[in-house]
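# Examination of the molecular architecture
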Amino acid sequence: MAAYLSFKEIWRNKGRYLLFSMVIALITVLVLFTAGLGEGLASANKEYLEKINADLLVFQEDTGFSTLESRLDYNTLKQVRRWEGVADVGAIGFSNVTILFTNGAEPIDVSLIGVEPGKPGAPPAFEGEALRSKQSKTTIVDGRIAGQANLQVGDTVVVKTTQGAEDEFYELKVSGITDGRQYFFQPSVFVPLEIWDEIRPKADITNNNAPLLPNILAIQLQNPAAKIEIGQYLESRVDNIEIADIKTTYEAAPGYAEQQSTLNTMKGFTFLIGVLVIGGFFQIQTLQKVAQIGMLKAIGTSNHAVANAAILQIIFVTIFGVAIGGLATLGMAFGLPSSVPIVFTGTAVLIAVVALLLIGPIGGLVSIRLALKVEPLRALGM
Amino acid sequence: MKTILETNNVTKIYESGNLVVKAVDAVSISVQAGEFVGLVGPSGSGKTTMLAMLAALLQASDGSLKIDGYNLSEMNDIERTRFRREKIGFTFQSNNLVPYLTALENVELMLRLNKKYNRKSRQHARDLLLRLGLEDRLDSLPSQLSGGQQQRVAIARSLIHDPSVVLADEPTASLDTERANQVVGIFADLIHEQNRAGIMVTHDLRMCKYVDKVIQMVDGRVTNIITERAAIDQLASSSKLAEAPAPKAKPVQQPQSLLAHAMPNLVGAAG
Ligand SMILES: Nc1ncnc2c1ncn2[C@@H]1O[C@H](COP(=O)(O)OP(=O)(O)O)[C@@H](O)[C@H]1O
Ligand SMILES: [Mg+2]
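Residues numbered from 1 in each chain as written. Chains lettered and ligands numbered in written order. Predicted model: local features only at pLDDT ≥ 70, side-chain atom pairs only at ≥ 80, totals over all residues. Heavy atoms only, no water.

### Remarks on the overall build of chain B
Per the secondary structure count, chain B includes 9 helices and 11 strands. Looking at chain B as a whole, 54% of its 271 residues are labelled buried. Restricting to contacts in chain B with at least 6 residues of sequence separation, those with at least 24 account for 71%. Total accessible area computed for chain B in this model is approximately 12000 Å², and 47% of it derives from carbon and sulfur atoms. (Helix = DSSP H or I, 4+ residues; strand = E, 2+ residues; numbered from the N terminus. Buried < 20%, exposed > 50% of the residue type's maximum accessible area, 1.4 Å probe, protein only. Contact = heavy atoms within 4.5 Å. Areas by Shrake-Rupley, 256 points an atom, 1.4 Å probe, with all protein chains shown as cover.)

If you want it as structure tokens, here you go:
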């Protein structure tokens with residue numbers, strides 16, 4: 001009965017319900033893009049760290065978990081490596097460079113990440129080979145760069161860096177290709193730490209014997225579950241360090257929290273608008289139908305059926321609108337260049353879809369209550 | 001004849017704040033199967049309240065109502081809803097039809113509600129609408145029908161599910177005289193043919209020519225019950241519109257007694 005009434009009503013008022021579904025579709029597009037952008041920006045920020053094969057990261061003390069400010073000396077690395085519970089340690093250095101391609105592809109700004117071959121922080125190679133030698137000028141490149149510049153294992157790329165006042169060029173052989181590992185909104189190029197130290201941009205080139213200073217250390221633990229205890233222990237025992245887990249680190253990245261909270265606020269408001277629009281629509285609709293609902297109840301339609309008809313309509317219109325909006329978003333996503341930081345596969349987008357499906361029922365609650373409260377006596381004009 | 005509907009001292013008191021209105025005051029009436037009753041009276045005399053109680057839409061404050069063996073004051077909300085669906089046929093003054101259902105679907109709605117929607121009953125719905133002169137409007141939406149056509153659809157709906165009692169509240173209020181006559185005429189025919197108990201509230205006394213019994217109410221009380229054919233016809237033809245205030249009860253009583261003496265044969269034949 002409820003299904004019959006609700007679908008007949010939708011069918012005979014196709015235009016109105018379609019229009020309304022379109023409003024929901026637009027809200028869906030807006031929410032999904034906001035969620036996708038949030039996910040995309042977040043991942044552009046943290047992709048490398050999120051995938052890193054480490055449990056804890058070590059920073060220089062009082063640098064606020066900033067990979068760029070932190071500088072650690074080799075002594076620290078040796079100390080940390082010795083502690084019980086630490087399975088392995090790798091030093092990592094970060095800098096920004098431009099890479100040029102011999103095949104004529106456009107130059108790309110990348111994060112140049114120095115890692116110790118075989119140690120925590122070094123990426124796996126999904127094609128070709130992982131970094132092996134400490135001193136060879138080989139590189140593992142981010143899958144994104146490989147795709148964008150059509151790189152193959154064995155190709156050569158050129159890193160352009162500034163040494164003092166001069167631009168210098170270094171050739172690197174691509175030994176392997178890894179997956180997407182962006183860091184600081186840039187795809188990454190991995191080189192052995194010593195090569196990194198040699199080619200990274202330097203303002204001062206007079207001191208050739210300056211010691212190698214990596215930015216951070218990545219620690220693998222024998223028992224990752226004990227990372228909080230071991231972290232605190234290490235911090236108290238080794239001078240001049242602070243320790244954070246992966247999540248703490250990327251959340252502390254400059255602008256990360258602000259960016260995410262701005263996007264979450266936008267999402268929240270869009271949801272609120274959705275709830276209010278749907279609520280308003282169905283409420284007005286129900287108010288217009290008071291006489292009719294009274295009549296239906298008077299001739300013996302149960303309250304149950306009246307409420308179910310209303311719920312079915314709300315659910316149907318919401319699902320239809322969200323589906324249209326979702327498809328439209330998907331269509332638009334295919335048209336976007338890969339450099340736009342929007343990711344529609346993350347859990348945030350999934351959660352957004354579920355939440356969008358809930359705004360109908362939540363917004364419609366008031367109208368269902370209204371429908372339930374209509375007295376059948378209304379039919380007699382009483 | 002079988003008594004389908006019977007009330008005994010039914011009373012309805014509305015209380016809002018310290019204002020107490022006795023809308024229906026100790027009304028005892030009965031209606032037989034196949035009997036079409038007109039409930040008349042000035043505005044505010046309690047007709048609609050009476051109808052609402054008979055329809056199990058409103059609880060009586062006192063007294064008893066029995067319809068087809070059911071004691072209305074003993075039912076809970078769910079039972080009342082079911083009772084209305086199964087035992088009562090309704091025609092209202094306005095907003096009778098579901099706007100997004102066609103004429104035929106509106107009639108069939110009653111069958112669906114009662115889970116009697118099948119090939120045979122659907123054919124009945126069509127036949128009934130044909131009978132009401134709506135053969136080419138079966139698939140029209142209410143908005144595409146005239147007021148009279150809408151009321152005829154409502155009448156079909158009020159009869160399709162084999163109800164015991166058919167109730168109509170001012171079914172002709174929005175119709176012109178000609179259409180009102182058409183609608184009520186065919187309504188009366190169907191009630192007689194199908195042997196239903198019918199009650200029509202109207203303030204248009206002219207419509208009484210189609211009924212078998214007139215119950216007059218004033219201030220919540222039944223002041224007069226007319227059963228003689230001639231007296232009813234007299235009442236129907238003598239009045240232009242029925243909204244004359246209270247003294248109406250008396251002039252009606254006179255012709256009734258007069259007629260009863262003057263034309264005993266006719267009255268007898270009518271009964
Ligand atoms: N819900 C209500 N609350 C209070 N008084 C009411 C209510 N409904 C009707 N009444 C009063 O009851 C009396 C009878 O009303 P009603 O049954 O509508 O009469 P009629 O249908 O004959 O015009 C009137 O005095 C009316 O004002
Ligand atoms: Mg009334």
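Text resumes after the structure shown.
### Thoughts on the overall build of chain A
Looking only at helices and strands, chain A features 11 helices and 10 strands. Compactness check: chain A gives a C-alpha radius of gyration of 29 Å against a globular reference of 21 Å for 382 residues, more than 25% above the reference. Taken over 382 residues, chain A has a buried fraction of 50%. Partitioning the contacts of chain A with sequence separation of at least 6, the portion at a separation of at least 24 is 80%. With an accessible surface of roughly 17800 Å², chain A has 58% of that area assigned to carbon and sulfur atoms. Each charge class in chain A was averaged separately, 29 positive and 35 negative side chains, and the resulting centres sit 15 Å apart. (Rg over C-alpha atoms; globule rule 2.2 N^0.38 Å. Lys, Arg positive; Asp, Glu negative; His and termini not counted. Charge placed at Lys NZ, Arg CZ, Asp CG, Glu CD.)

### Overview of the pattern of salt bridges
Residue and element names in this part refer to chain A. In the structure shown here, the tally under the stated rule is 27 salt bridges over all chains. Put simply, Lys 137 and Glu 198 hold a salt bridge, and the shortest N to O gap is 3.1 Å. One end of the pair, Lys 137, is in the loop between strand 4 (127-128) and strand 5 (138-141); the other, Glu 198, is in helix 5 (residues 193-199), and 61 residues separate them in sequence. Assessed through its relative accessible area of 33%, Lys 137 is described here as partly exposed. Here the salt bridges share partners, and the residues they tie into one network are Glu 47, Lys 51, Arg 144, Asp 179 and Arg 181. (Salt bridge = Lys/Arg side-chain N within 4 Å of Asp/Glu carboxyl O.)

### Quick look at the domain arrangement of chain A
Interface size is commonly expressed as the accessible surface area that is lost when the partners come together. Residue and element names in this part refer to chain A. Considered domain by domain, chain A is made up of domain 1 (2-45 + 256-379) and domain 2 (56-244). Once you take the C-alpha centre of each, domain 1 and domain 2 turn out to be 47 Å apart. Counting from both sides, the interface comprises 5 residues of domain 1 and, opposite them, 5 residues of domain 2. Summed over both sides, the interface between domain 1 and domain 2 buries roughly 460 Å², with carbon and sulfur atoms accounting for 48% of that surface. Three residues, Ser 43, Ala 44 and Asn 45, lead the burial of domain 1 against domain 2; their summed loss comes to 76% of the area buried on that side. At the boundary of domain 1 with domain 2, the tally comes to 1 residue pair in polar contact (both at pLDDT 80 or more). It is helix 2 (residues 14-51) that provides the largest number of residues to the side of domain 1 that touches domain 2, a total of 4 residues. Tallied by class, the residues present in the side of domain 1 that touches domain 2 amount to 2 nonpolar, 3 polar and no charged. (Domains from an automatic or database assignment. Buried area = accessible area lost by both parts, 1.4 Å probe. Polar contact = N/O pair within 3.5 Å; in protein donor to acceptor, adjacent residues only side chain to side chain. Nonpolar A, V, L, I, M, F, W, Y, C, P; charged D, E, K, R; others polar.)

### Description of the site of ligand 1
Taken together, the neighbourhood of ligand 1 is formed by Met 382 of chain A together with Tyr 14, Val 21, Ala 23, Pro 42, Ser 43, Gly 44, Ser 45, Gly 46, Lys 47, Thr 48 and Thr 49 of chain B. Those residues lying near ligand 1 are distributed over chains A and B. One nitrogen or oxygen atom from the side chain of Thr 49 of chain B is found 2.5 Å from an oxygen atom belonging to ligand 1. Relative to its unbound accessible area of 560 Å², ligand 1 is 62% covered by the protein chains. (Near = heavy atom within 4 Å.)

### Considering the packing of aromatic side chains
Where two aromatic rings form a pair, the distance of their centres and the angle of their planes describe that pair. All names here are of chain A. Considering all chains together, one arrives at 18 aromatic pairs over all chains under this definition. Taking 5.4 Å as the distance between ring centres and 85° as the angle between the ring planes, the aromatic pair formed by Phe 33 and Phe 344 counts as edge-to-face. Taken together, the positions of Phe 33 in helix 2 and Phe 344 in the loop between helix 10 (303-335) and helix 11 (347-373) put the pair 311 residues apart, joining distant regions of the chain. Taken together, the ring pairs connect Tyr 48, Phe 94, Tyr 183, Phe 184 and Phe 190 into an aromatic cluster. (Phe/Tyr/Trp six-rings, centres within 6.5 Å; stacked < 30°, edge-to-face > 60°.)

### Digging into the sheet that holds strand 9 (residues 197-201) of chain B
Residues and elements named next belong to chain B. Strand order in this open sheet of 6 strands is 7-8-9-4-10-11, and the pairing throughout is mixed. Two strands close off the open sheet at either side, each with one partner strand: strand 7 (88-91) and strand 11 (221-226). Within the sheet, the average angular offset between the axes of one strand and its neighbour, ignoring direction, is 20°. Sheet analysis places strand 4 (residues 36-40) next to strand 10 (residues 213-218), joined by 4 bridges and oriented parallel. Residue pairing across strands places Val 40 opposite Gln 216, the latter belonging to strand 10. Sheet contacts for helix 5 (residues 147-159): strand 7 and strand 8 (165-169); angle to strand 7, the most-contacted strand, approximately 175°. Docked against the sheet, helix 6 (residues 177-194) engages strand 4, strand 7, strand 8 and strand 9, running at close to 135° with respect to strand 4. (Pairing = 2+ DSSP bridges. Axes fitted to C-alpha atoms, helices over the stretch in contact; angles between N-to-C directions.)

### Some words on unusual backbone geometry
The backbone of Asp 62 of chain A sits at a positive phi, close to 60°, despite the residue not being glycine. The residue Asp 68 of chain B is not glycine, and still its phi comes out positive at about 50°. Positionally, Asp 68 of chain B belongs in the loop between strand 5 (62-67) and strand 6 (70-71).

### What about a negative patch on the surface?
Taken together, the side chains of Glu 61, Asp 62, Glu 235 and Asp 239 of chain A define an acidic patch exposed on the protein surface. With respect to the secondary-structure elements, Glu 235 of chain A resides in helix 6 (residues 227-237). (Patch = residues over 30% accessible without salt bridge, like charges linked within 9 Å, V, L, I, M, F, W, Y side chains within 5 Å.)

### Details of the nonpolar core
If you look at the biggest cluster of nonpolar residues, it comprises 93 residues, and the most contacted ones within it are Ile 299 of chain A together with Met 50, Leu 109, Leu 167, Ile 199 and Cys 208 of chain B. Leu 112, Ala 149, Leu 151 and Ile 243 of chain A belong to the second largest nonpolar core, which has 41 residues in total. (Core = buried A, V, L, I, M, F, W, Y, C linked by side-chain atoms within 4.5 Å.)

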